[in-house]
Amino acid sequence: VEGIRFMWAACFAASRAEMGRLRREHGCVLAHSMGLGKTLSVIAFLHTCLTCARDAEGTPYVRYRRGVAPTREAPAAALVLVPKPVLTQWGGEFRRWLGAEPGFAVRTLSMGSGTLEALRAWRGGGGVLIMTHNQFLQLLTPHRRGAGSERALGARAGEVSELLSTTADLLVMDEAHRIKNDKSALAGALGAVVTRRRVLLTGTPLQNNLREYYHMVSYVHPGALGRLDSFKKLFEEIISHGSLAESGAADGAEEREREQRERRRRM
């Protein structure tokens, strides 16, 4: 329940009274070890967002953009990006916890001649579309599609890109540390998705690579950690130096002094 409340507050607002105000939507990074319920939390969160969370006029809160009611009448929709090995598992978890609920469609994308029809059905009917990171990249990055995909899509490739980048009211990405940096192909494709409501899932955001943590947070909440060069000086370099066995007390004191000077300068 705490995880669901955390995602709600990050993507929408901390309370119902704040919901109608003009605000800039953001998102969050939900980090937990394997087996502690991230998938179930996301399923419950998405079901609430897409079916239950509505204003006095009946418009789903998730359809609002920057606090403004939507001008296009359409069901609420969410995009879920997952690694290929767990694509079937994600679809199974939705069926396990929600069953075949009327009015709440959960689609798993299969690449091929039916891709465009699946995206059109998602746009028209709303609900959840689950696809792999590679499928997402192939559809939004032309040179990655391959000859088979190009033949299947043909002249409709532009419509596929438009549907995929503009339909989602909320985006969820599993194993989000794969973003790596803001120059990666995945980061570029994610930047094409217009929604500002983003939930990233990862297992160990601080243990592996602090730079990956920076880029995940910057994607869901641009500017929250400041500029990359400042982040490197204030955190990454200090932590890296402190992990070295030969790092002495003098080095640590020098780094702390530099950090304090930087903080005073930014105040």
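In this report, the structure presented in the accompanying data block is examined.

The rules we used
- Each chain has its residues counted from 1, running along the sequence as written.
- Totals for whole chains, interfaces and linings use every residue, but because this is a predicted model, local features are given only for residues with pLDDT of at least 70 and side-chain atom pairs only at 80 or more, for both listing and counting.
- Excluded from the side-chain calculation are hydrogens and water; included are all heavy atoms of the structure.
- A run of DSSP states H or I qualifies as a helix once it reaches four residues; a run of E qualifies as a strand once it reaches two. Both are numbered from the N-terminal end.
- Relative accessibility thresholds used throughout: buried, under 20% of the residue-type maximum; exposed, over 50%; partly exposed, between the two (1.4 Å probe, protein chains only).
- Here the Shrake-Rupley method, with its probe set to 1.4 Å, supplies the accessible areas, and only the displayed protein chains count as covering residues.
- In this analysis a 1.4 Å probe is tested at points of a 1 Å grid over the protein atoms alone, and where it fits but cannot get out there is a cavity; an open set with protein on both sides within 12 Å along at least five of seven lines is a pocket; lining residues have an atom within 4 Å of a point.
- Grid points are joined across faces, edges and corners, and a volume is the space filled by probe spheres set on the points.
- Amino acids outside the nonpolar list (Ala, Val, Leu, Ile, Met, Phe, Trp, Tyr, Cys, Pro) and the charged list (Asp, Glu, Lys, Arg) are all regarded as polar, and Gly is one of them.
- The set of buried Ala, Val, Leu, Ile, Met, Phe, Trp, Tyr and Cys residues whose side-chain atoms join them within 4.5 Å is what this entry labels a nonpolar core.
- Note on contacts: a residue pair qualifies if any of its non-hydrogen atoms lie within 4.5 Å across the two residues.
- Here the axes come from fitting lines to C-alpha atoms, over the contacting stretch only for helices, and the angles between their N-to-C directions go from 0 to 180 degrees.
- Crossings are classed by handedness, with left-handed meaning an anticlockwise turn of the near helix from the far one by less than a right angle and right-handed meaning a clockwise turn.
- When a carboxyl oxygen of Asp or Glu is within 4 Å of a side-chain nitrogen of Lys or Arg, the pair counts as a salt bridge.
- Each pair of strands is called paired provided DSSP finds at least two bridges between the two strands.

So, the overall build of the protein
Check the secondary structure of the protein and you find 11 helices and six strands. The buried share among the 267 residues of the protein stands at 44%. Here the protein displays about 14,000 Å² of accessible surface, and carbon together with sulfur accounts for 52% of that area.

Some details on the layout of surface pockets
Roughly 190 Å³ of internal volume is contained in the second largest pocket. Lining the second largest pocket are 17 residues; nearest its centre among them are Arg54, Pro60, Ala74, Pro75 and Ala76. Here the residues of the lining of the second largest pocket are counted per class, giving seven nonpolar, six polar and four charged.

Quick look at the nonpolar core
Membership of the largest hydrophobic core comes to 32 residues, with the highest contact counts inside it found for Leu79, Met131, Phe136, Leu164, Met173, Leu190 and Leu200. Secondary-structure elements contributing two or more residues to this core are strand 2 (77-82), helix 4 (115-125), strand 4 (127-132), helix 5 (133-140), helix 7 (157-166), strand 5 (170-173), helix 8 (185-191) and helix 9 (210-220). Among residues more than four places away in sequence, those in contact with Leu190 are Leu81, Phe136, Leu171, Met173, Ile179 and Tyr219. In this structure, Ala10, Leu50, Leu87 and Val128 belong to the second largest nonpolar core, which totals 30 residues.

Focus: the packing of helix 4 against helix 7
Contact pair helix 4 / helix 7: the axes reach a minimum separation of 10 Å and the direction vectors enclose 35°. Crossing hand, helix 4 versus helix 7: left-handed. Of helix 7, the residues touching helix 4 (which contributes Leu116, Leu119, Arg120, Trp122 and Arg123) are Glu159, Val160, Glu162, Leu163, Leu164 and Thr166. Across the contact of helix 4 with helix 7, the residue classes break down as six nonpolar, one polar and four charged.

Here's the deal with the pattern of salt bridges
According to the stated counting rule, one finds eight salt bridges in the structure shown. The partner of Arg63 in a salt bridge is Asp169, and the shortest N-O contact between them spans 2.7 Å. Placement of Arg63 in the loop between helix 2 (38-52) and strand 2 and of Asp169 in the loop between helix 7 and strand 5 is noted, with a sequence separation of 106 residues between them. Neither Arg63 nor Asp169 differs from the other in exposure class; each is buried. Arg96 is paired through a salt bridge with Glu93; the nearest N and O atoms lie 3.8 Å apart. Highlighted residues: Arg96 and Glu93, both in helix 3 (residues 87-98), separated by three residues, approximately one helical turn.

What about the pairing of strand 4?
Extensive coverage of strand 4 is indicated by the burial of six of its six residues. Sheet topology note: the strand 2/strand 4 ladder contains six bridges and is parallel. Directly across from Val80, in strand 4, lies its bridge partner Ile130. Judged from the three bridges that link them, strand 3 (residues 106-108) and strand 4 form a sheet pairing that is parallel. Among the inter-strand pairings, Thr108 is bridged to a residue of strand 4, identified as Ile130.

Remarks on the sheet that holds strand 1 (residues 27-31)
Spatially, six strands are ordered 1-6-5-2-4-3 in an open sheet, and the strand pairing comes out parallel. Strand pairing shows two members of the sheet lacking a second neighbour, strand 1 and strand 3, which therefore form its edges. Going across the sheet, the axis of each strand differs from the next one's by a mean of 15°, ignoring polarity. Contacting strand 1 and strand 6 (198-202), helix 1 (residues 2-11) runs over the sheet at an angle of about 155° to strand 1. Across the face of the sheet, helix 2 comes into contact with strand 1, strand 2, strand 4, strand 5 and strand 6 while running at roughly 175° to strand 5.

Some points on the environment of Ile43
In this fold, Ile43 is placed in helix 2. Residues Ile43 and Val128, spaced 85 residues apart in sequence, show a C-alpha to C-alpha distance of 9.8 Å. Other than its neighbours up to four places away in sequence, Ile43 contacts Glu93, Phe94, Trp97 and Leu98.

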